[in-house]
Amino acid sequence: MKFIFFFLLISIAAKSDLIPNQIHPLHPKSGSSGSHVPQINCLSWRLAVETNNIQDWTSVPLQCEDYVGHYMLGKQYRDDCYNIVAAAIQYAKSLKIGKDGKNVWVFDIDETTLSNLPYYARSDVAFGSIKYNDTAFDEWTREGKAPTVPAALFLYNTLLSMGIKPVFISGTKEEFRQIRITNLNKVGYHSWIRLILKGVNDTGSSMKYKSRKRAELVKDGYRIVGNIGDQWSDLLGDYVGQRTFKLPDPMYYIA
Ligand SMILES: *[C@@H]1O[C@H](CO)[C@@H](O)[C@H](O)[C@H]1NC(C)=O
Ligand SMILES: *[C@@H]1O[C@H](CO)[C@@H](O)[C@H](O)[C@H]1NC(C)=O
Ligand SMILES: [Mg+2]
């Protein structure tokens, strides 16, 4: 893990060497700092991650694991989610919603409508994908105990009351369909026009997969008026929707 992060920094440094006419650092590097772990400002790191300035990261920097844990479990994460949802609702209220039933809002599931925080907070897992383990994560999914992201449930209920229909597009495997439906129902989601899960033939990146599924919606005559997810790959690509909303997720990155 230390190695991966160090490698990341080295590759950033290597890339910046390629920039011509680079301004020289004010403090020349002292020659002897080879094994020194550089300090990192975790709030700056999180901001860069959320704004998609840092991409393709494979794990939370070691020095920021505690920071990310406190952020996710604390008030700031909830406040950030509610602030985003307030903007989404304000936007939705500005729309002229026709009565043809074709206006849809795309929701991602993991870390958007359902939270895997109890899983990531387990002492043997740690925050970030550092110790990410497919088998263990599937076991957690199978438990069907994921709580809601309260702000997203509020958005979901508000949109339903306005006549905007929810569509779920998730990277969850098709084999978990019944478990996920039960889990969604249990925490308050019980109405949607489509629940799209990843079939065995849905290969390729998440961004491409979700783009294909949104294209099918549009082909079937739906208007995607909004789209909310915790990953940039939920919100970039084709047919992303009239507006997209990015929820925070400094725990992992999915391309
Ligand atoms: C992944 O999780 C499974 C189930 O909890 C466990 O048996 C396995 O040892 C774990 N693998 C690693 C590499 O930690
Ligand atoms: C996946 O693709 C294979 C080969 O084309 C096909 O036989 C199978 O029915 C597909 N499975 C699903 C669930 O679509
Ligand atoms: Mg997600």
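Please refer to the structure placed before this passage.
Being a predicted model, the structure only gives us computed values, none of them experimental.

Rules used in this analysis
- Residues numbered from 1 in each chain as written.
- Chains lettered and ligands numbered in written order.
- Predicted model: local features only at pLDDT ≥ 70, side-chain atom pairs only at ≥ 80, totals over all residues.
- Heavy atoms only, no water.
- Helix = DSSP H or I, 4+ residues; strand = E, 2+ residues; numbered from the N terminus.
- Pairing = 2+ DSSP bridges.
- Axes fitted to C-alpha atoms, helices over the stretch in contact; angles between N-to-C directions.
- Contact = heavy atoms within 4.5 Å.
- Core = buried A, V, L, I, M, F, W, Y, C linked by side-chain atoms within 4.5 Å.
- Buried < 20%, exposed > 50% of the residue type's maximum accessible area, 1.4 Å probe, protein only.
- Salt bridge = Lys/Arg side-chain N within 4 Å of Asp/Glu carboxyl O.
- Near = heavy atom within 4 Å.
- Polar contact = N/O pair within 3.5 Å; in protein donor to acceptor, adjacent residues only side chain to side chain.

Peer 1: Mind showing me how you'd approach unusual backbone geometry here?
Peer 2: One can expect most non-glycine residues to show negative phi and most peptide bonds to be in trans. Phi angles above zero are rare outside glycine, and Asn52 is one such case at about 65°. Along the chain, the position of Asn52 falls in the loop between α2 (42-50) and α3 (65-73). With phi around 50°, Tyr239 is a residue other than glycine that occupies positive phi space. Relative to the helices and strands, Tyr239 resides in the loop between α10 (232-235) and β5 (244-246).

Peer 1: Got a minute to help me understand the sheet that holds β5 in this structure?
Peer 2: Whether parallel or antiparallel, the strands of a sheet pair through hydrogen bonds between backbone atoms. Spatially, β3-β2-β1-β4-β5 is the arrangement adopted by the five strands of the open sheet, whose pairing is parallel. Edge strands, defined here as strands with exactly one partner in the open sheet, are β3 (194-198) and β5. Averaged over all pairs of adjacent strands, the angle between their axes in this sheet comes to 15°, without regard to strand direction. Against the sheet, helix α4 (residues 75-93) makes contact with β1 (103-107), β4 (223-229) and β5, and its axis sits at roughly 170° relative to β5, the strand it touches most.

Peer 1: Got a minute to help me understand the nonpolar core in this structure?
Peer 2: Within soluble globular proteins, side chains that are nonpolar tend to cluster in buried spots. Counting 49 residues, the largest nonpolar core has Trp105, Phe107, Leu155 and Tyr189 as its most contacted members. Among the elements that line this core, the one with the most residues is α4, at eight residues.

Peer 1: Would you take a moment to explain the pattern of salt bridges for this structure?
Peer 2: It is possible for side chains of opposite charge to pair when their charged atoms get near one another. Here the structure, examined in full by the defined rule, presents 13 salt bridges. Here Asp80 and Arg46 are joined by a salt bridge, their closest N and O atoms 3.7 Å apart. Separated by 34 residues along the polypeptide, Asp80 in helix α4 and Arg46 in helix α2 bring together distant segments of the chain. Arg46 carries the same exposure label as Asp80, and that label is buried. Residue Lys173 pairs with Asp138 through a salt bridge whose shortest N-O separation is 2.7 Å. Of this pair, Lys173 sits in strand β2 (residues 165-173) while Asp138 sits in helix α6 (residues 134-143); the two residues are 35 residues apart in sequence, bridging distant segments of the chain. Its relative accessible area of 34% is what places Lys173 among the partly exposed residues. Of the residues examined, Asp138 reaches a relative accessible area of 15% and is grouped as buried. Bridged by salt links that share partners, the residues Asp108, Lys210 and Asp234 form one connected network.

Peer 1: I keep staring at the site of ligand 1 and nothing clicks. Help me out?
Peer 2: Residues in contact with ligand 1, as listed here, are Asn133, Ala136 and Glu139. Taking Asn133, its side chain carries an N or O atom lying 2.5 Å from an oxygen atom of ligand 1. Contact distances for ligand 1 include 3.4 Å between an oxygen atom and a side-chain N or O atom of Glu139.

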